[in-house]
Amino acid sequence: MNITITFRHMVGTEAVKRHVHEKVAKLQKFLRQAMTAQVTLSVEGLEHIADVRISSGSLACQATERGEDMYASIDMVLDKLERQIRDGKGHTIARKRNGTSAGEYAAEVEREIAARSRT
């Protein structure tokens, strides 16, 4: 696991670095391969911005969050990434189990509706 933290227009404190490391490290449990994360923390005016990019094997996720508190922004952006990872993982599992994709399901529903309207 490789985590890179970049600070823009702010002073990076050890407390913020530790918080980011703890939170990002928790995402590794959802991934099968080693994770690489680039975290950019910046301040623009009164907004604290957390931008995180994660890559692990063929999976790549990115999320940005703006807020009044840096810690809250970090927590919210990592919630977004966790959701992205879980959704992607569910999609992969469905494909491996020969589940129908959304496009196939929509085409099937349209065929059924067309067949009903003809009768």
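Preceding this section is the structure that the text describes.
### Describing the pattern of salt bridges
Under the criterion given, the structure shown has seven salt bridges. E14 is the partner of K17 in a salt bridge, and the nearest nitrogen-oxygen pair spans 3.7 Å. With K17 and E14 both in helix α1 (residues 14-27), this residue pair falls three residues apart, about one helical turn. The shortest N-O distance in the salt bridge between R66 and E44 comes to 3.7 Å. Residue R66 is found in strand β4 (residues 59-67), and its partner E44 is found in strand β2 (residues 36-44); the two are separated by 22 residues along the sequence. We classify R66 as partly exposed; its relative accessible area is 43%. On the basis of relative accessibility, which here comes to 45%, the residue E44 falls in the partly exposed class. Because the salt bridges share partners, they merge into one network encompassing E44, E47 and R66.

### Some thoughts on the sheet that holds β2
Within the open sheet, the four strands sit side by side as β1-β2-β3-β4. Their pairing is mixed. What marks the edges here is a single partner per strand, and that holds for β1 (2-8) and β4. Taking each pair of neighbouring strands and ignoring which way they run, the sheet shows an average axis angle of 10°. The pairing of strand β3 (residues 47-56) with β4 spans nine bridges and is antiparallel. Paired with V52 across the strands is A63, a residue of β4. Most of the contacts of α1 go to β1, to which it runs at about 140°, and overall it touches β1, β2 and β3.

### Quick word on the side chain of S42
Structurally, the position occupied by S42 is in strand β2. In this view, S42 contacts R8, M10, E47, H48, I49 and M70; residues no more than four positions away in its chain are not counted.

### Topic: α1
Its 14 residues give α1 an end-to-end C-alpha distance of 21 Å, which sits within 8% of 20 Å, the value for a rise of 1.5 Å per residue. Turning to α1, its buried residues number three or more, namely V16, H19, V20, V24 and L27. Down the axis, α1 shows its buried residues gathered within 115° of arc, on one side only. Opposite the packed face of α1, turned more than 90 degrees from it, sit the exposed residues E14 and K26.

Conventions we followed
Residues numbered from 1 in each chain as written. Predicted model: local features only at pLDDT ≥ 70, side-chain atom pairs only at ≥ 80, totals over all residues. Heavy atoms only, no water. Salt bridge = Lys/Arg side-chain N within 4 Å of Asp/Glu carboxyl O. Helix = DSSP H or I, 4+ residues; strand = E, 2+ residues; numbered from the N terminus. Buried < 20%, exposed > 50% of the residue type's maximum accessible area, 1.4 Å probe, protein only. Pairing = 2+ DSSP bridges. Axes fitted to C-alpha atoms, helices over the stretch in contact; angles between N-to-C directions. Contact = heavy atoms within 4.5 Å. Expected span 1.5 Å × (residues − 1). Arc of directions from axis to C-beta.

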